[in-house]
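Structure at a glance
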Amino acid sequence: MSVTPTSRVDVLIIGAGQAGLATAQELQRRGLTNMRVIDRGPGSGGAWQHRWASLRLDDAHQVEDLPGLDTLGLSFRTAPGDEPARDIVADYYARYERAYSLPIRRPIEAVAVTADGPDHTLRVTTRNAVTGAPDTEILARIVINASGTWTHPIQPEVPGRERFTGLQLRTPEFVSAEAFAGQHVIVVGGGTSAIGFVLELSPVAARVQWATRHPVDFSETVGLARDHARAAVAAQDEAARAGEILPSIVSGTGVPLTRRMRQAREAGILVERPLFTAMTDTGVIWPDGTAENVDAIIWAAGFRAELDHLEPLGLAAPGHTIQVERGRAIDEPRLFLAGYGPQASTIGAARSARATAAQVVQALSE
């Protein structure tokens, strides 16, 4: 019978996406050496490596530069706009990891985090994300969860959804618009992914409709966008402290209205309508009672934080959330959450990483 090897570290970071890398670099800059990062992905790039090939950086939320990325002569603000976003992000992140010698192990997945480690450590059980074989058991004085949201897309509850015999898929399952050639497709969601799907599908699908649960707020003014961003941070912070379901970032910041979006709106392509109230075997029923046949529905309604591996800590509040203040779990001070709530990477990964790293170093000294 084999025995799972055990290792000890001061800090374990779960996830090597934007939030995880930024936090690791900030900790390293502060002199922390006994640190490890585990990442379940097959390569660099976080969730970006799994996105569809046609997605470009210009069509997504602005990818913030990691702290110190500019010293490598790289910036997402000047990255090529005609190449797949997943390739650019994966390349930049890989070069960043090598340049700063970040201690990352792949493809390793955190299975469970428990509070029963010796000497006040948290015990983290891991496995190989590809083979499923048990990997090292890690004892950490502090765990920073930066696992992101990609594997937890939101699926709105609509009566009759299970009856629909057409194709249903969620954002992570989208591969290409060509797969929907000649079909009648409904895209559900009010964020940039949903809008991107509508724009990509329009030239190839027979018909594309866009349905949203709430009216979409398009933002054209820089100053107004900044005000919205501050309001979004405040809303995320309030929800995180209370352990409530986090509001979407885009609900607070609005959707930046690009030239392509404006043209699509003027052409009658990007026109939202309220979400259908029910689904049938062959289609949907709209709020006005009209029934319509549909070939496929793409659910692009956002994501929830991936917290399953933290459940053994007993911190989950209703709605599968955790009470967090300034990036630190209120009921478990040895646990930090990077890219969660007001620390969401789409708002400011570098700034949040600096704040988290400072807290972690202070906590270790205590």
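Relevant structure appears above.
Our subject in this report is the structure included herewith. On a predicted model such as this, the values are computed, not experimentally measured, just so you know. (Residues numbered from 1 in each chain as written. Predicted model: local features only at pLDDT ≥ 70, side-chain atom pairs only at ≥ 80, totals over all residues. Heavy atoms only, no water.)

Describing the sheet that holds strand E14 (residues 283-285)
For clarity, the cut-off: Only when DSSP finds a minimum of two bridges between them are two strands counted as paired. Secondary structure elements follow DSSP: runs of H or I of four or more residues count as helices, runs of E of two or more count as strands, with numbering from the N terminus.
Pairing in this open sheet of three strands is antiparallel, and the strands run E13-E14-E15 from one edge to the other. One side of each edge strand has no neighbouring strand; the edge strands of this open sheet are strand E13 (278-279) and strand E15 (291-293). The pairing of E13 with E14 spans two bridges and is classified as antiparallel. Bridging across to E14, Ala278 finds its partner in Ile285.

With respect to the packing of helix H1 (residues 18-29) against helix H2 (residues 85-99)
This is how it is decided: Here the axes come from fitting lines to C-alpha atoms, over the contacting stretch only for helices, and the angles between their N-to-C directions go from 0 to 180 degrees. Throughout this description, any angle smaller than 35 degrees is read as roughly parallel, any larger than 145 degrees as roughly antiparallel, any in the 65 to 115 degree range as roughly perpendicular, and the remainder as oblique. Handedness of each helix crossing follows the sense of rotation of the near helix against the far helix: counterclockwise by less than a right angle gives left-handed, clockwise gives right-handed. Any pair of residues with heavy atoms lying within 4.5 Å of one another is described as a contacting pair. Residue type decides the class: Asp, Glu, Lys and Arg count as charged, Ala, Val, Leu, Ile, Met, Phe, Trp, Tyr, Cys and Pro as nonpolar, and the leftover types, Gly among them, as polar.
Close contact between H1 and H2 brings their axes to 11 Å; oriented N to C, the two are set at 20°. Considering their axes alone, H1 and H2 lie roughly parallel with respect to each other. As H1 packs across H2, the resulting crossing turns out to be left-handed. Residues Gln18, Leu21 and Gln25 of H1 form the contact with H2, whose participating residues are Tyr93, Tyr96 and Glu97. Within the contact of H1 with H2, the residues separate by chemical class into three nonpolar, two polar and one charged.

Observations regarding the pattern of salt bridges
Short version of the rule: In the sections that follow, a salt bridge refers to a side-chain nitrogen of Lys or Arg positioned within 4 Å of a carboxyl oxygen of Asp or Glu. Only protein chains enter the accessibility calculation, which uses a 1.4 Å probe. A residue is then buried if its area is under 20% of the maximum for its type, exposed if over 50%, and partly exposed in between.
Counted according to the given criterion, the structure contains 18 salt bridges. With its nearest N and O atoms 3.0 Å apart, the salt bridge here joins Arg106 to Asp39. With Arg106 in the loop between strand E3 (104-105) and strand E4 (108-114) and Asp39 in the loop between strand E2 (35-38) and H2, the pair connects residues that are 67 residues apart, well separated along the chain. The class for Arg106 is partly exposed, based on a relative accessible area of 25%. By relative accessible area, which is 6% here, Asp39 ends up buried. Note that Asp281 is salt-bridged to Arg163, the shortest N-O span being 3.2 Å. Remark: Arg163 occurs in the loop between strand E6 (134-145) and strand E7 (167-170) and Asp281 occurs in the loop between E13 and E14; sequence separation between them is 118 residues. When its relative accessible area of 43% is taken as the criterion, Arg163 is described as partly exposed. Through salt bridges with shared partners, a single network forms among Glu26, Arg29 and Arg30.

Notes on the sheet that holds E7
Strand order in the open sheet formed by five strands is E7-E16-E8-E9-E12, and the pairing between neighbours is parallel. In this open sheet, the two edge strands, each paired with only one partner strand, are E7 and strand E12 (272-274). Neighbour-to-neighbour, the strand axes of this sheet turn through a mean angle of 25°, independent of strand direction. Here strand E8 (residues 184-188) runs beside strand E9 (residues 207-212); their pairing, made up of five bridges, is parallel. For His184, the partnering residue across the bridge sits in E9 and is Arg207. Contacts between helix H3 (residues 192-201) and the sheet are confined to E8, E9 and strand E16 (296-299), with E8 contributing the most and set at about 160° to the helix.

Description of H1
In plain terms, the rule: Any helix carries an expected span of 1.5 Å times its number of residues minus one.
A rise of 1.5 Å per residue sets the reference length of H1, with its 12 residues, at 16 Å; its end C-alpha atoms lie 17 Å apart and thus fit the reference within 8%. For H1, the set of buried residues is Gln18, Ala19, Gly20, Leu21, Ala22, Thr23, Ala24, Gln25, Glu26 and Leu27. At the exit of H1 stands Gly31, carrying a positive phi of roughly 95°.

Focus: the pairing of strand E5 (residues 122-128)
Side chains Leu122, Val124, Thr126 and Asn128 of E5 all project onto a buried face; the interleaved residues Arg123, Thr125 and Arg127 project onto a face where none is buried. Turn length for the E5-E6 hairpin, with the two strands adjacent in sequence and antiparallel, is five residues, and the turn residue Gly132 shows positive phi of about 80°.

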